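So you can see what is in the structure, the chains are spelled out below.
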Amino acid sequence: MIATWFVGLVTFVYLGSLFAVARFGDRRADAGRSVMTATVYALGIAVYCTSWTFYGSVGRATTGGFSFLTIYLGPTIMFLFAAVILKMIRVSKTLRLTSIADFIAARYGKSQLLAGFVTVIAVIGIIPYIALQLKAIAYSLKIIFPDDPEALIPDALEALAFMPDSTAIIAIILAVFTILFGTRHLDVTERHEGMVLAVAFESVFKLVAFMAIGAYVVWGLNDGFIDLFQRAEAIPNIAKLLQPESINFGNWFALTLLSGIAILMLPRQFQITVVENVDETHLRRAVWLFPLYLLLINIFVLPIALTGLIQFNGGAFEADTLVLTMPLSEGNALMTLLAFLGGLSAATGMVIVETIALATMVSNDLVMPILLRGRFDFANRKDLSGLIMLIRRSTIVVLLFLGYLYYRSAGEAYALVSIGLISFLAVAQFAPAMLGGLYWKEGNRLGAFAGLGFGFAIWLYTALLPSFAKSGWIDSGFIMDGPWGISLLAAHKLMGLDSLDPIAHTLFWSLLFNLGAYIVVSILTRQEASEAAIASQFVNIQKAGDSVPRIWRGTASAEALIELLKRFLGPRQAQLRLQRYASNRGISKITNLQPDADFVLFAETQLAGTIGSASAHVMVSSVVQEEELGLDEVLNILDEASQVRAHSKELERKSNELEAATRDLRQANEKLMEVDRLKDDFMSTVTHELRTPLTSIRAFSEMLHDDPEMGAEDRTKFLGIIVGEAERLTRLINQILDFAKLESGRVDWEVEHLDLSPLLRATAESVGQLFRDKGTVFVLELPEDQQPVWVDVDRDRLKQVVINLLSNAVKFVPPVAGLIRMSLSLADGYARVSVNDNGPGIPEAYQSIIFERFRQGGNTMTDKPQGTGLGLPISREIVEHFGGRLWVESLPVEASNQDGQEVASGSTFVFTLPLAGDDVLAV
Amino acid sequence: MQKALQKTLLKLGVAGCLALIVFNYPLLSLYRGYLGGLPTLYVVLFGLWLALILIARRLADPSVVNSFKRTANQDFE
């Protein structure tokens, strides 16, 4: 259907484009323009979706319905626990950790043995997984070219005796790619931007390819989703897959948990998520973009599976390759090619990153410790950087070769088909040591060994060996009947537990024993001093950050440390880093560096990025003489450090409090300045008010004094003016004194039980002359029923309030047709007195100001004062003293001018007073 | 700043705990039958999944949420 040469061309163009993308990424990074954006980072994490997702999900859906989704829901949920991932990133960055083995080893005292053990588990668990990817590639080629799976190899070359098959050629290309872009730097912690960009590119490609095939199946082979599901519903065997009854919820939970753990523990995921992270904030994008990717790549899985089941209903078909066989059987060349390339990209992405991650672990934690033992004179070479690089590159080749070998040996065996979840189970054994190490200081090396040992043994016995047995490589009797017929030890029914499927069964028992052993042994055994220090650093990384205590004591030589760095990092790189370290400490020459604890730990951390933390510790220990620190000593230092941190926090808190106090003081000062200005205004007003009558008194007195001949009529008139002005002066002074008394609380209140109506009437009469002088009409409205309105108040004080309101009203009513209306009413247990005038009203902006002390309506800087500005504040104080309220309701003239006619509703001052005793009940 | 980050991480963690409940038994066992011609379980699973993603985006990556309000030629990376 598709020309062989064309498939070959497209395959090599695709692989070539990977090289181009990676090269582009590296060149941009070298030029200082990083391509590692948050989106690239999130897409890089999608390396999680391998050919197992691309082909295998559809296969799982044909038998398990929705159960395939657990593999993607787990990571989605785990990414919401971003705090854990962030902590892993921070620890790794601080200590320059290079792999999951390095991470676990560093936490438990930089143990080489532990690092090696973790590496062995990872290699045993992951090599078959790499083989699975190679198998997927081989299988897809076999489907496209059933008659000639080696069609990619030109016939002329096929005849050569040493010519490998097509899968091997692709594996070789991947090895070249991995070596070129995955080992550019000796220091693993330096990012592989080109490689990550290529993986992100592959993620986009496989997503687009899978969705295109999904759309083709749904709308090309069916008439949309509804049509497809209706057809599925009509076939009982298929319809039941779509209902919750088809789900075994115990397995569902187990697989969700397993995949959630795997997303953190798989070496390739650790490589991309933690080691290749260049900016913590990128995690913010990954938290939702990666789950969105998973959702999109899964949305068409069930429709493709159902279409396959409907098409081949009753007949035999290969469910795992439906993505490829369906468009092929329909004769759609474009979709077939897209499916092939999508599967290829899913497989290659995984192989590249997983190989880099495993190669780092193997070279740093297996090969390097052996070489550093001394038998190979390795440690005494002048410059080891080239050799280390060679080891890492050779490891990549060896790992890929092992993967290829496993694929060739296993062939169609069960061991290969089931390896996806079995690999997940293998790496899940790292979880207790890894997560426990991040959150539990007491977790120790022996605990980690015990946990990993138990977990690995159970995994081996209940998962890996049964997969070998099912492949026919070993006897399968132990799986269901147990070894030597001991049924309690049956590999899939340990202790008689037979309600779980094999994967959930292994997960349960391995994690139970792993976690249990880790906790119990950690509690029963004592942590070493060096472990305690590093444990504290891991657990407190969020609080302490880089400011961790330097726990090291001994003697060292700066020259020896510098020489060590040069040997492992290469002279140029070592010089560069030492220079940077020295200049950060204000030292110009690296030969002047002091061999203190800081420098020793700096050297160890730099080496850790290249040869792993455990080997780095061994190497540094070989050139320094470290004094053994007791656990108590270390704990004391840590205590001191945490006290310093606590003090620092306390200082920060106090500094914040001081800042807040300063802010409050500044505000208070501003308020004081305002009050001061008001006081000045008040003084100026009062002075003015006092001076006016005094000037008048003095002028008329002088006239009377200077002119003894003055007529009796003039004399009487002048004396009248003098008396009037003296009264005004007295009133003013009284008011000021009154206010001062109210302010200081020295008023003697003479409270009496009185009826408000007569009081209001009498008060109005007392100021009647004011109304008559200005020709103002005054109306008093009292309750119609003539019933007394009893209140408990000080009669004189209340009269003062009423007089003040009435005299204010008189001031502002117009000279012609002035009207003042005072009314008394009852409401809600209160007596309500309102004084309304038909003056110009009070703008809203001044309605609250006029009740402030020394404040008056209008601009006090320009307008002539109308009084002391104390009348209303005094009135409010009095009313409020008796439990009432005083306020103003006013609609100024300007506001009521909407129809072009002036409607002056004036102001209404209202005060309320609580009714006394019986009146409350009456109301 | 650190406090704001802690708060975001806490909210995400709470969302994760809720997701564990929502995507497991017994809630998932309730979605039987069909909804608008589609299996209810299919609609609910992907619907809840999408809702969870939108919540995570709002909590963790406000720059993207806000980007819709900004001009198209701005780079948020």
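Being a predicted model, the structure only gives us computed values, none of them experimental.

### Description of the overall build of chain B
Move 1: When helices and strands are counted, chain B shows three helices and two strands.
Move 2: By the burial criterion, 38% of the 77 residues in chain B qualify as buried.
Move 3: Contacts in chain B between residues far apart in sequence, at least 24 positions, make up 39% of those at least 6 positions apart.
Move 4: Total accessible area computed for chain B in this model is approximately 4,600 Å², and 67% of it derives from carbon and sulfur atoms.

### What about the overall build of chain A?
Move 1: Tallying secondary structure elements over chain A gives 38 helices and nine strands in all.
Move 2: In chain A, which comprises 923 residues, the share counted as buried stands at 54%.
Move 3: A separation of at least 24 residues holds for 80% of the contacts in chain A among residues at least 6 apart in sequence.
Move 4: Total accessible area on chain A stands at roughly 40,000 Å², and carbon and sulfur atoms take up 58% of it.

### Side note on helix α2 (residues 38-45) of chain A
All names here are of chain A.
Move 1: When you tally the buried positions in α2, you get seven out of eight residues, the bulk of the element.
Move 2: Listed in full, the buried residues belonging to α2 are A38, V40, Y41, A42, L43, G44 and I45.
Move 3: As for α2, its buried residues are in contact with α4 (70-80), α5 (82-95), α10 (193-221), α14 (267-275) and α15 (282-298).

### Considerations on unusual backbone geometry
Move 1: A cis amide bond links Y25 of chain B with the next residue in sequence, P26 of chain B, at an omega value of 10°.
Move 2: As for its placement among the helices and strands, P26 of chain B is situated in the loop between α1 (2-22) and β1 (34-35).
Move 3: The phi angle at M495 of chain A is positive, at roughly 55°, despite the residue not being glycine.
Move 4: Within the secondary structure layout, M495 of chain A lies in the loop between α24 (477-480) and α25 (502-524).

### Section: the confidence of the model for chain B
All names here are of chain B.
Move 1: Per-residue pLDDT for chain B has a mean of 81; in total, 79% of the residues score no lower than 70.
Move 2: Across chain B, the element-wise mean pLDDT spans from 59 in helix α3 (residues 62-67) up to 94 in helix α2 (residues 40-60).
Move 3: Below pLDDT 50 for its whole length, residues 68-77 participates in eight contacts with residues either more than four positions away or in separate chains.
Move 4: The complex model carries a pTM of 0.69, and its ipTM stands at 0.87.

### Some remarks on the pattern of salt bridges
Move 1: With the rule as written, the count across this model stands at 12 salt bridges over all chains.
Move 2: Taking the shortest distance from any N to any O, the salt bridge between E604 of chain A and K110 of chain A comes out at 2.6 Å. Residue E604 of chain A is located in helix α30 (residues 597-611), and its partner K110 of chain A is located in the loop between α6 (100-107) and α7 (112-144); the two are separated by 494 residues in the primary sequence.
Move 3: One salt bridge in this structure joins R32 of chain B and E245 of chain A, with 2.5 Å as the shortest N-O distance.

### Considerations on the sheet that holds strand β7 (residues 830-837) of chain A
All names here are of chain A.
Move 1: The mixed open sheet is built from five strands, whose spatial order is β4-β6-β7-β9-β8. Of all the strands in the sheet, the pair left with one neighbour each is β4 (777-781) and β8 (885-890). On average, each strand axis in the sheet is inclined to that of its neighbour by 15°, with strand direction left out of account.
Move 2: Of the pairings in the sheet, the one linking strand β6 (residues 819-827) to β7 comprises eight bridges and is antiparallel in character. Each residue of the ladder has a partner; that of A827, found in β7, is Y830.
Move 3: Docked against the sheet, helix α34 (residues 756-766) engages β4, β6 and β7, running at close to 170° with respect to β6.
Move 4: Running at roughly 130° to β8, helix α37 (residues 871-881) makes contact with β8 and β9 (907-914) of the sheet.

### Regarding the packing of helix α21 (residues 419-428) of chain A against α25 of chain A
Residue and element names in this part refer to chain A.
Move 1: In the contact formed by α21 and α25, the axes pass within 10 Å of each other and the chain directions differ by 10°. Classified by the angle between their axes, α21 and α25 sit roughly parallel to one another. Touching L421, L425 and A428 of α21 are I503, T506, L507 and L511, all from α25.
Move 2: Broken down by class, the residue content of the contact of α21 with α25 amounts to six nonpolar, one polar and no charged.

### Considering the interface of chain A and chain B
Move 1: At the interface, 41 residues of chain A touch 42 residues of chain B.
Move 2: Note on chain A versus chain B: buried area summed over both sides is about 3,700 Å², and carbon and sulfur give 72% of it.
Move 3: Together, L80, R284 and W288 of chain A form the three largest contributors to the area buried by chain A at its contact with chain B, with a combined 19%.
Move 4: Linking chain A to chain B there are two salt bridges.
Move 5: At the surface where chain A touches chain B, the tally comes to eight residue pairs in polar contact (both at pLDDT 80 or more).
Move 6: The set of elements that each furnish at least two residues to the side of chain A that touches chain B consists of α2, α4, α5, α11 (225-233), α13 (249-265), α15 and α16 (301-311) of chain A.
Move 7: Considering each element in turn, the side of chain A that touches chain B owes the most residues, nine residues, to α15 of chain A.
Move 8: Classifying every residue of the side of chain A that touches chain B gives 30 nonpolar, six polar and five charged.

### With respect to the nonpolar core
Move 1: Judged by nonpolar contacts, the single largest core of 203 residues is most densely connected at Y48, L283, F424 and F430 of chain A together with W49 of chain B.
Move 2: In this structure, L805, A809, A831 and F909 of chain A belong to the second largest nonpolar core, which totals 44 residues.

### Section: the environment of I297 of chain A
All names here are of chain A.
Move 1: Relative to the helices and strands, I297 resides in helix α15.
Move 2: Looking at I297, the relative accessible area reads 2%, which means it is buried.
Move 3: Taking the C-alpha atoms as reference points, I297 and M211, separated by 86 residues in sequence, lie 6.7 Å from one another.
Move 4: For I297, the residues in contact, after removing those within four places along its chain, are C49, T53, K206, L207 and F210.

### Topic: the packing of aromatic side chains
All names here are of chain A.
Move 1: Inspection of every chain in the model, using the stated rule, returns 44 aromatic pairs over all chains.
Move 2: Here W52 and F424 contribute two aromatic rings whose centre-to-centre distance is 5.5 Å and whose plane-to-plane angle is 75°, an arrangement assigned as edge-to-face. You can see W52 sitting in helix α3 (residues 51-64) and its partner F424 sitting in helix α21, a full 372 residues away along the chain. As far as burial versus exposure is concerned, W52 and F424 are alike and both buried.

### Some details on the environment of L15 of chain A
Move 1: You can see L15 of chain A is positioned in helix α1 (residues 4-30).
Move 2: Residue contacts for L15 of chain A: discarding those within four places in its chain leaves I173 and T348 of chain A.

### Focus: helix α36 (residues 795-812) of chain A
All names here are of chain A.
Move 1: In this model, α36 (18 residues) spans 26 Å end to end at C-alpha, consistent with the 26 Å of a helix rising 1.5 Å per residue.
Move 2: Every buried residue of α36 is accounted for by R797, L798, V801, V802, N804, L805, L806, N808, A809 and V810.
Move 3: For α36, the N-terminal capping position is held by D794, with its side-chain oxygen 3.1 Å away from the main-chain nitrogen of D796.

### Remarks on the pairing of β7 of chain A
Residues and elements named next belong to chain A.
Move 1: Counting buried residues along β7, six of its eight residues qualify, which places the element largely inside the surrounding structure.
Move 2: Counting the residues between successive antiparallel strands, the hairpin from β6 to β7 contains two residues, one of them, D828, with a positive phi of roughly 50°.
Move 3: Pairing analysis gives seven bridges linking β7 to β9, with the strands arranged antiparallel. Looking across to β9, one finds that A831 is bridged to L913.

### A closer look at the side chain of D365 of chain A
Residues and elements named next belong to chain A.
Move 1: For D365, the location among the structural elements is in helix α18 (residues 333-372).
Move 2: R392 provides the closest opposite charge to the buried, salt-bridge-free D365, at an N-O distance of 9.9 Å.
Move 3: Setting aside residues no more than four positions away along its own chain, D365 makes contact with S99, A101, D102, Q112, A115, G116, T119 and T360.

Parameters and conventions
Residues numbered from 1 in each chain as written. Chains lettered and ligands numbered in written order. Predicted model: local features only at pLDDT ≥ 70, side-chain atom pairs only at ≥ 80, totals over all residues. Heavy atoms only, no water. Helix = DSSP H or I, 4+ residues; strand = E, 2+ residues; numbered from the N terminus. Buried < 20%, exposed > 50% of the residue type's maximum accessible area, 1.4 Å probe, protein only. Contact = heavy atoms within 4.5 Å. Areas by Shrake-Rupley, 256 points an atom, 1.4 Å probe, with all protein chains shown as cover. pLDDT = per-residue confidence, 0-100. Salt bridge = Lys/Arg side-chain N within 4 Å of Asp/Glu carboxyl O. Pairing = 2+ DSSP bridges. Axes fitted to C-alpha atoms, helices over the stretch in contact; angles between N-to-C directions. Parallel < 35°, antiparallel > 145°, perpendicular 65-115°, else oblique. Nonpolar A, V, L, I, M, F, W, Y, C, P; charged D, E, K, R; others polar. Buried area = accessible area lost by both parts, 1.4 Å probe. Polar contact = N/O pair within 3.5 Å; in protein donor to acceptor, adjacent residues only side chain to side chain. Core = buried A, V, L, I, M, F, W, Y, C linked by side-chain atoms within 4.5 Å. Phe/Tyr/Trp six-rings, centres within 6.5 Å; stacked < 30°, edge-to-face > 60°. Expected span 1.5 Å × (residues − 1). Lys, Arg positive; Asp, Glu negative; His and termini not counted.

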